[in-house]
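Take a look at the letters that make up each chain.
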Amino acid sequence: MTTSTAPSAAPAAGRIDALRPAAGYRYEDRDIVVLRRRPAGPAGPERCIGRTPHFTLGRDDGRLVVVHDLAAADVHNGIGDLLVDELFTPGWAVGADTFERLFTGLVLTSHHDPLAAWELFYRNSLHRLDQDASPDAGESAGVGVFSQIYRRAEQLISAIAAGSVLDVGTCFGFLPLRLRSGSAGPVQTVIASDVQAGTTHLLDQVSRRLARQVRTLTCDAARIPLGDECVDVVTVLHLLEHVDAAHGGRIIDEALRIARRRVVIAVPLEDGPESTYGHVRQITTGDLRAMAVGRPGWIGAVSEFHGGWLVLDRIAPVNRC
């Protein structure tokens, strides 16, 4: 998994409808068309403009047409890597919005029922994340890298025997779902928040189908409707690169307000912001160290592991909720 941006399920104002049925295994919106090639179906778009190992490309009324024949087992978060490698890096497609729409289209055209399509995506993604990934995997390893990131976060959660966790900017909610399976020990309360209502609505429905239900909140990460020091750990994984520095500062302040014992922050260490994934700024380990300065009552530690990490611990944790 290399994207940290989830599709929205709100159809208004050009927003992505992640739960709209793809009739005839065809997903389309204002900019793109995604088709799943079936044995009895057409070989590809009428106006073919290119082919890649997994996609046939065409044009329809100015829209990019992407035809695929991904098997059910191929519908997982690794499709983000396919999109980047085969469509965005060569220049067939550009922009974070187009990335999200193509990602959504590939998932929805995997099954005639949208919730069943997302359940397939989640089950496959969680299975891949649960597999052992090499600690030496490179930054381009996608799912393997995020498997290591989640394991690191889970170790930091279990190290203090946390009973409650809030995952801020949860996106697909893979970490909360893993926590519900006991990946970090007996975490009794798991909350996932995201600014996109469609994201939290989708996670809420899929988590029920997976029997790993988590509590969801729709809110700005800088304004979370929870009380002071009401969860043991707040995680902020690959979120800060999506917002400017001022907004990021407010997000950290809010995490410190809510966390009773620990805040875990992780960011990619990039040569420059990756716009395809919606990144708007580059964050260095020096930036992380600066984020820890001027936090009375907290002590911070910065490290590198498939990206940069800042762990902030409350010096005198309290026991209240």
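The structure presented is a predicted model; accordingly, all values stated were derived computationally and were not measured.

### Focus on the sheet that holds strand E3 (residues 48-51)
Right, so step 1: Judged by pairing direction, the sheet is mixed, and its five strands sit side by side in the order E1-E2-E5-E4-E3 without closing on themselves. Each having just a single partner strand, strand E1 (26-28) and E3 make up the two edges of the open sheet. When the angles between neighbouring strand axes are averaged without regard to direction, this sheet yields 20°.
Right, so step 2: Of the strands in this sheet, strand E4 (55-60) and strand E5 (63-68) are in contact with helix H1 (residues 79-88), which crosses E4 at around 65°.
Right, so step 3: Each of E1, strand E2 (32-36), E4 and E5 touches helix H2 (residues 96-108); the most contacted strand, E2, lies at about 25° to it.

### Observations concerning helix H6 (residues 197-209)
Right, so step 1: For H6, spanning 13 residues, the distance from its first C-alpha to its last is 19 Å, which sits close to the expected 18 Å at 1.5 Å a residue.
Right, so step 2: When we look at burial in H6, the residues that qualify are Gly 198, Thr 199, Thr 200, Leu 202, Leu 203, Asp 204, Val 206 and Ser 207.
Right, so step 3: On the buried face of H6, the contacting elements are helix H3 (114-130), helix H5 (174-180), strand E7 (189-194) and strand E8 (215-218).

### A word on the nonpolar core
Right, so step 1: Grouped together as the largest cluster of nonpolar side chains are 64 residues, with contacts concentrated most on Leu 83, Leu 87, Leu 102, Trp 118, Phe 121 and Tyr 122.
Right, so step 2: If near-sequence neighbours (up to four positions away) are discounted, Leu 87 is found in contact with Thr 52, Phe 55, Leu 57, Val 66, Leu 82, Trp 92, Ala 93 and Leu 102.
Right, so step 3: Counting 32 residues, the second-largest nonpolar core is a separate cluster that includes Val 168, Leu 217, Val 236 and Ala 255.

### Some points on the side chain of Arg 178
Right, so step 1: Looking at where Arg 178 falls in the secondary structure, it is placed in helix H5.
Right, so step 2: In terms of polar contacts, Arg 178 uses its side chain to reach the side chain of Asp 130, at 2.9 Å.
Right, so step 3: If near-sequence neighbours (up to four positions away) are discounted, Arg 178 is found in contact with Leu 126, Leu 129, Asp 130, Tyr 150, Arg 151, Glu 154, Ser 183 and Arg 212.

### A short note on the packing of aromatic side chains
Right, so step 1: Per the counting criterion, the structure on display carries 14 aromatic pairs.
Right, so step 2: With 5.6 Å between their ring centres and 85° between their planes, Phe 99 and Tyr 277 make a pair best called edge-to-face. Of the two residues, Phe 99 sits in helix H2 while Tyr 277 sits in the loop between strand E10 (259-267) and helix H8 (285-291), which places them 178 residues apart along the sequence. The two residues Phe 99 and Tyr 277 agree in class, both being buried.
Right, so step 3: An aromatic cluster of at least three residues, connected via ring pairs, comprises Phe 88, Phe 99, Phe 103, Trp 118, Phe 121, Tyr 122, Phe 172, Phe 174 and Tyr 277.
Right, so step 4: Above the ring of Tyr 25, the side-chain terminus of Arg 36 is found at 5.1 Å from the ring centroid.

### Regarding the confidence of the model for the protein
Right, so step 1: Confidence in the prediction of the protein, expressed as mean pLDDT, is 89, and 88% of residues score 70 or more.
Right, so step 2: With pLDDT under 50 throughout, residues 133-141 is counted as low confidence; its partners more than four residues away or in other chains account for 11 contacts.

### Considerations on the packing of H3 against H6
Right, so step 1: Put simply, H3 and H6 touch, their axes get as near as 10 Å, and they point 75° apart. The orientation of H3 relative to H6 falls into the category roughly perpendicular. Within the contact between the two elements, H3 uses Leu 115, Ala 116, Trp 118, Glu 119, Tyr 122 and Arg 123 and H6 uses Leu 202, Leu 203, Gln 205, Val 206 and Arg 209.
Right, so step 2: Residues belonging to the contact of H3 with H6 are distributed by class as follows: seven nonpolar, one polar and three charged.

### What to know about the pattern of salt bridges
Right, so step 1: Applying the stated criterion across every chain yields a total of 20 salt bridges.
Right, so step 2: Put simply, Arg 178 and Glu 154 hold a salt bridge, and the shortest N to O gap is 2.6 Å. In this pair, Arg 178 is assigned in helix H5 and Glu 154 in helix H4 (residues 143-158), connecting sequence segments 24 residues apart. Like Arg 178, the residue Glu 154 is buried in the burial classification.
Right, so step 3: One salt bridge in this structure joins Arg 295 and Asp 253, with 2.4 Å as the shortest N-O distance. Of this pair, Arg 295 sits in the loop between H8 and strand E11 (298-304) while Asp 253 is found in helix H7 (residues 245-258), placing the two residues 42 residues apart along the sequence.
Right, so step 4: What makes Asp 253 partly exposed here is its relative accessible area of 42%.

### Description of unusual backbone geometry
Right, so step 1: Notably, Cys 171 is not glycine yet its phi reads approximately 55°, a positive angle.
Right, so step 2: Judged by its relative accessible area of 4%, Cys 171 is buried.
Right, so step 3: Even without being a glycine, Ala 211 presents a positive backbone phi close to 60°.
Right, so step 4: Assignment of secondary structure puts Ala 211 in the loop between H6 and E8.

### Description of the environment of Asp 194
Right, so step 1: Its location among the elements puts Asp 194 in strand E7.
Right, so step 2: Each C-alpha atom of the pair Asp 194 and Gly 169 lies 4.5 Å from the other, and the pair is 25 residues apart in sequence.
Right, so step 3: Excluding residues that lie within four positions of it along the chain, Asp 194 makes contacts with Gly 169, Thr 170, Cys 171, Thr 199, Thr 200, Leu 217, Thr 218 and Cys 219.
Right, so step 4: Among the polar contacts listed, one links the side chain of Asp 194 to the backbone nitrogen of Gln 196, at a separation of 3.0 Å.

### Quick word on the pairing of E2
Right, so step 1: Of all five residues making up E2, four are buried, and the element is well covered by its neighbours.
Right, so step 2: One ladder, built from three bridges, connects E1 with E2; its direction is antiparallel. Residue pairing across strands places Arg 26 opposite Leu 35, the latter belonging to E2.
Right, so step 3: Taking the residues between adjacent antiparallel strands as the criterion, E1 and E2 are bridged by three residues.
Right, so step 4: Looking at chain direction, E2 and E5 are connected through five bridges and run parallel. Looking at E5, one finds that Arg 36 is bridged to His 68.

Cut-offs used in this document
- Residues numbered from 1 in each chain as written.
- Predicted model: local features only at pLDDT ≥ 70, side-chain atom pairs only at ≥ 80, totals over all residues.
- Heavy atoms only, no water.
- Pairing = 2+ DSSP bridges.
- Helix = DSSP H or I, 4+ residues; strand = E, 2+ residues; numbered from the N terminus.
- Axes fitted to C-alpha atoms, helices over the stretch in contact; angles between N-to-C directions.
- Contact = heavy atoms within 4.5 Å.
- Expected span 1.5 Å × (residues − 1).
- Buried < 20%, exposed > 50% of the residue type's maximum accessible area, 1.4 Å probe, protein only.
- Core = buried A, V, L, I, M, F, W, Y, C linked by side-chain atoms within 4.5 Å.
- Polar contact = N/O pair within 3.5 Å; in protein donor to acceptor, adjacent residues only side chain to side chain.
- Phe/Tyr/Trp six-rings, centres within 6.5 Å; stacked < 30°, edge-to-face > 60°.
- Lys NZ or Arg CZ within 6 Å of the ring centre and 35° of its normal.
- pLDDT = per-residue confidence, 0-100.
- Parallel < 35°, antiparallel > 145°, perpendicular 65-115°, else oblique.
- Nonpolar A, V, L, I, M, F, W, Y, C, P; charged D, E, K, R; others polar.
- Salt bridge = Lys/Arg side-chain N within 4 Å of Asp/Glu carboxyl O.

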